[in-house]
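Spelled out, the chains give:
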Amino acid sequence: MLREAWQAFEAWLADHSWAQLILRLLLAALIAWPLVRWQGLVGLVLALVPMAALIAVPLTLSGFDLLRWLRKGHLKRWNGRWYAFHGIQIRLFELPDHTWLCADDVFRALGEPVDGVVHERFRNQFGALGYREPPGETLVCFSEAALRRYLSLRSDARSREFARWLERDVLFAHEKRRREAPFS
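Everything numeric here is computed off the predicted structure, so don't read it as measured data.

**Student:** Help me out: how do you make sense of the pairing of strand 1 (residues 82-85) in this one?
**Tutor:** Consecutive side chains of a regular strand alternate in pointing toward one face of the sheet and then the other. What you see with strand 1 is a clean split: Y83 and F85 sit on the buried side and W82 and A84 on the side with no burial. Of the strand pairs in this sheet, strand 1 and strand 2 (residues 88-94) are connected by four bridges, and their pairing is antiparallel. Across the sheet, the residue bridging to W82 is R91, located in strand 2. Where strand 1 hands over to strand 2, the hairpin turn is made up of two residues, of which H86 adopts a positive phi near 50°.

**Student:** So what exactly am I meant to see when it comes to unusual backbone geometry here?
**Tutor:** With glycine set apart, most residues show a phi of negative sign, and most peptide bonds adopt trans. In this structure, H86 takes a positive phi of about 50° despite not being glycine. Summarising the element assignment, H86 is placed in the loop between strand 1 and strand 2.

**Student:** Help me understand the side chain of D105 in this model?
**Tutor:** With respect to the secondary-structure elements, D105 resides in helix 4 (residues 103-110). Given the relative accessible area of 0%, D105 is considered buried. A polar side-chain atom of D105 sits 2.7 Å from a polar atom in the side chain of R108.

**Student:** Can you help me understand the packing of aromatic side chains in this one?
**Tutor:** In this description, a pair of aromatic rings is defined by centroid distance and the angle of the planes. In this structure the tally under the stated criterion is nine aromatic pairs. Measuring from ring centre to ring centre gives 5.7 Å for F142 and Y150, while their planes differ by 15°; the resulting arrangement is stacked. Ring centres 5.4 Å apart and planes at 40° place the aromatic pair F162 and W165 in the tilted group. Linking F162 with W165, this pair stays in helix 7 (residues 157-180), spanning three residues, or about one helical turn. The residues F162 and W165 share a single accessibility class, namely buried.

**Student:** What should I look at first to understand helix 5 (residues 116-130) in this one?
**Tutor:** Spacing of three or four residues puts side chains on the same side of an α-helix, whose turn is 3.6 residues. The terminal C-alpha atoms of helix 5, which comprises 15 residues, lie only 17 Å apart, well short of the 21 Å expected from a rise of 1.5 Å per residue. Considering bend angle alone, the principal kink of helix 5 is centred on N124 and spans about 55°. Among the residues of helix 5, V118, H119, F122, F126 and G130 are the ones counted as buried.

Here is what the cut-offs are and how they apply
- Residues numbered from 1 in each chain as written.
- Predicted model: local features only at pLDDT ≥ 70, side-chain atom pairs only at ≥ 80, totals over all residues.
- Heavy atoms only, no water.
- Buried < 20%, exposed > 50% of the residue type's maximum accessible area, 1.4 Å probe, protein only.
- Helix = DSSP H or I, 4+ residues; strand = E, 2+ residues; numbered from the N terminus.
- Pairing = 2+ DSSP bridges.
- Polar contact = N/O pair within 3.5 Å; in protein donor to acceptor, adjacent residues only side chain to side chain.
- Phe/Tyr/Trp six-rings, centres within 6.5 Å; stacked < 30°, edge-to-face > 60°.
- Expected span 1.5 Å × (residues − 1).
- Bend = angle between axes of the 7 residues up to and from the residue.

Okay, structure coming up:
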């Protein structure tokens, strides 16, 4: 029983470099304390060598973990798909049948107001083409067909520019990826 608990603790400790760092700092302090009490400043200098050896690896691993977390943390809500139209992020959700684009992001990019009335109006107008929550998502999204239809009804310059950007930079790349590596 004690052996299994120790093995579970070792496995947990191997996955958490920050915990290794804390334990090694405590061990280094336990080594340094008697040396400093016994020899003073000379003892502190003597204790620095084992302290450095104890904390070098977990300190390095903790730094890499922190950098990895900082690099990936802000991208989680974008589902690994990051696109921007004039600095406005557009969330995409790629499913086997279509690429879905977050309706709130599209409205914000086009300068449209976003509220419950707008969503209801669009649900009535484009619901059959695909204005709803895609399977497994909680955001209201446009399907490719619904968004193309909506953009074809608009005649302002920003909508035309958005439609060109969407076709050229976003949907073309997703369609190519879908043809090359279809979902299984």
